[in-house]
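Coordinates in review
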Amino acid sequence: MTGKISLPSRSIRICADRGGTFCDVHASFPDPENANERREIVVKLLSQDPGNYKDAPTEGIRRVLETVTGEKFSRGQRLPTDKIDYIRLSTTVATNALLERKGHKHALVITKGFKDLLVIGNQARPKIFDLNIRRPPPLYSEVLEVDERVTLVGYTSDPKAAEHAVQFDDEGKLVRGYRGPGWDKEGNAEGPGEIVRGVSGEAVRILKRPDPEQIKSDLKKLYDDGYRSLAIVLVHSYTFPVHEQLVASLARELGFAHISVSSQLLPMIKMVPRGVSSTADAYLTPILYEYLDGFFNGFDERLRKGGENDARVEFMGSDGGLLDLDNFSGLKSILSGPAGGVVGYALTSWDDDEKKPIIGIDVGGTSTDVSRFSGRYEMVYETTTAGVTIQCPQLDINTVAAGGGSCLAFRNGLFVTGPESAGAYPGPSSYRRGGPLAVTDANLMLGRLVVDYFPKIFGESEKEPLDIEASRVKFKDVVQEVNNSDSFEKKLSFDEVVYGFIKIANETMCRPIRALTEARGHATSNHILASFGGAGGQHACEIAHILGISTVLIHRYSSILSAYGLALADRAFERQEPCSTSYTPDNKASLTQRLDRLEANVRAELKRQGFDGSRVHVERMLNMRFDGTDTALMVLPDAKDGEGEDFLAAFKRTYKNEFGFLLDTKNIIVDDIKVRGIGKTFDSLGPSVFKELHTLKKRSLEKSNADSTHSVYFDGVGRVDDTPVFLLDKLEVGDVVAGPAMIIDDTQTIVLIPGAEALLCRKHLYITLH
């Protein structure tokens, strides 16, 4: 695109996904020749290139603006945002800070006597037979104990709990005190102290109120010692947050920059996961906002202000929904990076009539992320990352350290791929920065990457191609090492050694797929494999072959699908409250009223964000468990559970699926109520790829139609010297390419193994393995 182009204000839509190795940018803008259509452009650049630019998303957006407007913007110049409608970002800043333990110094403020609670934890022993257990240290570096205490009245397993309980009127005033075991026969509970009704409806006895002056003095000492971030975690604050709110207000007066209040962040029972999650937020959010400050400094002031007529910035949350700056935090960004890809493949691959479940495999530069979609996003509410157990809704994504940048080594007679990664800098050997051998180098040596077609973005000039000779020299040393080790019955050829590393990488990528399917009672072969990520196309067919999957879908934008998914993602907002009540016919009406109230709050917030009426979809959930058990399940009723909101049937179905049995004699407890609102950002993506198949006219292509041929190594066949190379942009809808072959565009290389057949659809390559 050359020359200046006149575009309307707020018309360019930009999505940027900054991964471990590459930063992908997808943008769309009005077609100057047809106002009803939008053109799309893609920019791919290294996530880190300190010699050329400070921040990859900002540099990617600069290139987009230059391409679209025809104007020149120098690096370091503050970019104008008047033509931008929105910028959507997913980022791994918080994830990397947690993995590398490079978060922000912060202090934990906790109830007196509970100083070591988060170190003691919940007594989980993931490596029970390990003789040398090394526990990760806590994230906080100082603890301040607050002399305050509240307790709950009564006890959980009282068979007559409802009869003995404290009674309140509709306004929360005390009507009658506690009358169960332990009552002191004088007051309204087991001992002295004011009785109040908590948020969950439980009766709370205040044993000791905090002293504001003492707290202020203690906080001042922390401030003087250089602390600017706090995590506040007090006993029973999920239902009685007053004391936490007091501490937080005093901390703000003193000038603390970030305060993670556990009762606001995660109003759920269980102090340990609530506490660990709050410390994680206090550890990560300041780092995230330091990065975002740098990002906003690359643009004019209007972007940060985010006025009604200004460009807006939105962020991908770990649950697959978009968040505005006010609602985005370190805790909600742990899976910000891979979540965009899950949204991308789910919305572009699913068919409501076929209802065939999909496995998404995102093979990036540093890792491979695997997830499953069968009509709705599979969520988890407690996850462990880098030894830190966090309670926060996240997409159920399994990650393994195998990607294009995974380092290769021959160790103790074994081929090893990862977990170390060459990253973006220095990158694999072929990136011209003296990096180690990586999976990318192996694919290059096997002919699965073609230097002439690969982006020329390497070297100091950012214009040099991959250095195949650098990879070859290092692999010769590895081949010699392998054959000198006497680990194999016969000498292995150069290709066999290189392919050995690819086999190990493929098997590593298959492991989380089996965990999401076979380990949960789903037949792996009954799924479709949706492959994406920069290295996905080189491994997809072989992974499907190993797992017995017969259909592979590769989106036209598969190498940047995490960025493309941002363009399709919906705005999300949710509200949650503790409950602590039994699920009975008598309580059903009050639970419904509370859900209605939360729904009204959620709809009001989404309306403020610009979503109203039919564009808002609401999910109402209860966190339920059997009385006497420790495992609560977040339950969302669906059509299988009968008419209306039948939470009881939904809970029993979910529990049976998860554990294989029911505890029919137990009462059911509701720990929390939750409402999630989704503001739809688009109406329709058109007919699915499966509907398109019925109308396509197929045309088989011959080798003579290929752009060129290349020597490629295939398992079981060996070298195929005249493997045809087709350019994706020159293929037409309905064209069929039979393997062995390669299909290439500017950002991805797709390898078709012998026996595979690819059909080009409007937005996908539909690959069938025979």
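Treat the numbers as computed from the prediction; the structure is a model and nothing was measured.

About the thresholds
Residues numbered from 1 in each chain as written. Predicted model: local features only at pLDDT ≥ 70, side-chain atom pairs only at ≥ 80, totals over all residues. Heavy atoms only, no water. Helix = DSSP H or I, 4+ residues; strand = E, 2+ residues; numbered from the N terminus. Rg over C-alpha atoms; globule rule 2.2 N^0.38 Å. Buried < 20%, exposed > 50% of the residue type's maximum accessible area, 1.4 Å probe, protein only. Contact = heavy atoms within 4.5 Å. Areas by Shrake-Rupley, 256 points an atom, 1.4 Å probe, with all protein chains shown as cover. Lys, Arg positive; Asp, Glu negative; His and termini not counted. Charge placed at Lys NZ, Arg CZ, Asp CG, Glu CD. Core = buried A, V, L, I, M, F, W, Y, C linked by side-chain atoms within 4.5 Å. Axes fitted to C-alpha atoms, helices over the stretch in contact; angles between N-to-C directions. Parallel < 35°, antiparallel > 145°, perpendicular 65-115°, else oblique. Left-handed = near helix turned anticlockwise from the far one by under 90°. Nonpolar A, V, L, I, M, F, W, Y, C, P; charged D, E, K, R; others polar. Pairing = 2+ DSSP bridges. Phe/Tyr/Trp six-rings, centres within 6.5 Å; stacked < 30°, edge-to-face > 60°. Lys NZ or Arg CZ within 6 Å of the ring centre and 35° of its normal. Polar contact = N/O pair within 3.5 Å; in protein donor to acceptor, adjacent residues only side chain to side chain. Salt bridge = Lys/Arg side-chain N within 4 Å of Asp/Glu carboxyl O. Expected span 1.5 Å × (residues − 1). Arc of directions from axis to C-beta.

Regarding the overall build of the protein
Helix and strand counts for the protein come out as 18 helices and 36 strands. Relative to the globule expectation of 27 Å for 770 residues, the C-alpha radius of gyration of the protein, 28 Å, shows essentially globular dimensions. With the C-alpha coordinates of the protein rotated into their principal frame, the extents come out at 95 × 60 × 55 Å. Classification of the 770 residues of the protein by burial places 54% in the buried group. Taking as baseline every contact in the protein between residues at least 6 positions apart, the subset at least 24 positions apart corresponds to 67%. Of the roughly 34200 Å² of accessible surface on the protein, 48% is carried by carbon and sulfur atoms. Each charge sign in the protein was given a centre, from 94 positive and 107 negative side chains, and these centres are 1 Å apart.

Structural notes on the nonpolar core
Of all hydrophobic cores here, the largest spans 72 residues; its most connected members are Ile 14, Val 64 and Ile 87. Considering each element in turn, this core owes the most residues, 13 residues, to helix α8 (residues 271–296). Those residues in contact with Ile 87 that lie beyond four places of it in its chain are Ile 14, Ile 61, Phe 295, Phe 299, Leu 303, Arg 312, Val 313 and Glu 314. If you look at the next biggest cluster of nonpolar residues, it comprises 65 residues, including Val 400, Phe 415, Val 450 and Ile 767.

Some details on the packing of helix α5 (residues 212–224) against helix α6 (residues 242–254)
The angle between the axes and the distance between the axes are what describe a pair of packed helices. Between α5 and α6, the shortest axis-to-axis distance is 10 Å and the interhelical angle comes to 50°. Taken as axis vectors, α5 and α6 run oblique relative to one another. α6 is crossed by α5, and the crossing has right-handed handedness. Contacts between α5 and α6 pair Pro 212, Ile 215, Lys 216, Leu 219, Lys 220 and Tyr 223 from the former with Leu 246, Val 247, Leu 250, Ala 251, Glu 253 and Leu 254 from the latter. Taken together, the residues of the contact of α5 with α6 sort by class into nine nonpolar, no polar and three charged.

Section: the pairing of strand β5 (residues 107–111)
By the criterion of burial, β5 is predominantly enclosed, with five of the five residues buried. Strand direction decides the pairing type here: β5 and strand β6 (residues 142–146), joined by five bridges, are parallel. Bridging from a neighbouring strand, Val 109 pairs with Leu 144 of β6. Bridge analysis of β5 against strand β12 (residues 229–233) gives four bridges, and the strand direction is parallel. Bridge assignment links Ile 110 to a residue of β12, and that residue is Val 233.

Comments concerning the sheet that holds strand β7 (residues 149–152)
Pairing is antiparallel in the open sheet, where three strands are placed in the order β7-β11-β10. Each edge of the sheet is formed by a strand with only one pairing partner; in this case those strands are β7 and β10 (194–197). Put simply, the sheet's adjacent strands are angled 35° from each other on average, direction ignored. The pairing of β7 with strand β11 (residues 203–208) spans four bridges and is classified as antiparallel. Bridge pairing links Arg 149 to Lys 208 in β11.

Re the packing of aromatic side chains
Evaluated as defined, the whole model comprises 24 aromatic pairs. Cluster of aromatic residues (ring-pair linked, three or more members): Phe 410, Phe 415, Phe 475, Phe 488, Phe 494 and Phe 501. The residue whose ring lies beneath Arg 88 is Tyr 86, and the NZ or CZ to ring-centre distance is 4.0 Å. It is Lys 105 that lies over the ring of Tyr 227; its NZ or CZ is 4.4 Å from the centre.

What to know about the side chain of His 539
Topologically, His 539 is positioned in helix α14 (residues 536–547). Engagement of the side chain of His 539 in a polar contact is seen with the side chain of Asn 506, the distance being 2.7 Å. Discounting residues that sit within four places of it in the chain, His 539 has contacts with Val 439, Asn 443, Ile 502, Asn 506 and Met 509.

Things to note about the sheet that holds strand β30 (residues 708–714)
Strand order across the open sheet formed by four strands is β30-β31-β33-β34, with mixed pairing between neighbours. The two strands at the open ends of the sheet, each matched to only one other strand, are β30 and β34 (749–752). Averaged over all neighbouring strand pairs, the angle between strand axes comes to 30°, with direction disregarded. Taken together, the six bridges between β30 and strand β31 (residues 718–727) define a ladder with antiparallel strand orientation.

Quick word on the pattern of salt bridges
As enumerated under the stated definition, the model contains 52 salt bridges in all. Of the charged contacts in the structure, one is a salt bridge between Asp 722 and Lys 703, with a shortest N-O distance of 3.0 Å. In this pair, Asp 722 is assigned in strand β31 and Lys 703 in the loop between β29 (699–700) and β30, connecting sequence segments 19 residues apart. For Lys 703, a relative accessible area of 46% gives the class partly exposed.

Topic: the environment of Val 25
Positionally, Val 25 belongs in strand β2 (residues 22–31). Spatially, the C-alpha atom of Val 25 lies 9.9 Å from that of Glu 59, the residues being 34 residues apart in sequence. With near-sequence residues (within four places) excluded, Val 25 lies in contact with Ile 14, Cys 15, Ala 16, Ile 41, Val 42, Val 43, Leu 45, Gly 60 and Val 64.

Re α5
Here α5 is 13 residues long and its end C-alpha atoms lie 18 Å apart, about the 18 Å a rise of 1.5 Å per residue gives. Regarding α5, the residues found buried are Ile 215, Asp 218, Leu 219 and Leu 222. Angular distribution of buried residues about the axis of α5 spans 100°; they occupy a single face of the element. Turned more than 90 degrees away from the buried face of α5, the exposed residues are Glu 213, Lys 221 and Asp 224. On its buried face, α5 sits against β5, β6, β12 and α6. Measuring from the side-chain oxygen of the N-cap residue of α5 to the backbone nitrogen of Glu 213 gives 3.1 Å; that N-cap residue is Asp 211. Immediately beyond the C-terminal end of α5, within one or two residues, lies Gly 226, with a positive phi of roughly 100°.

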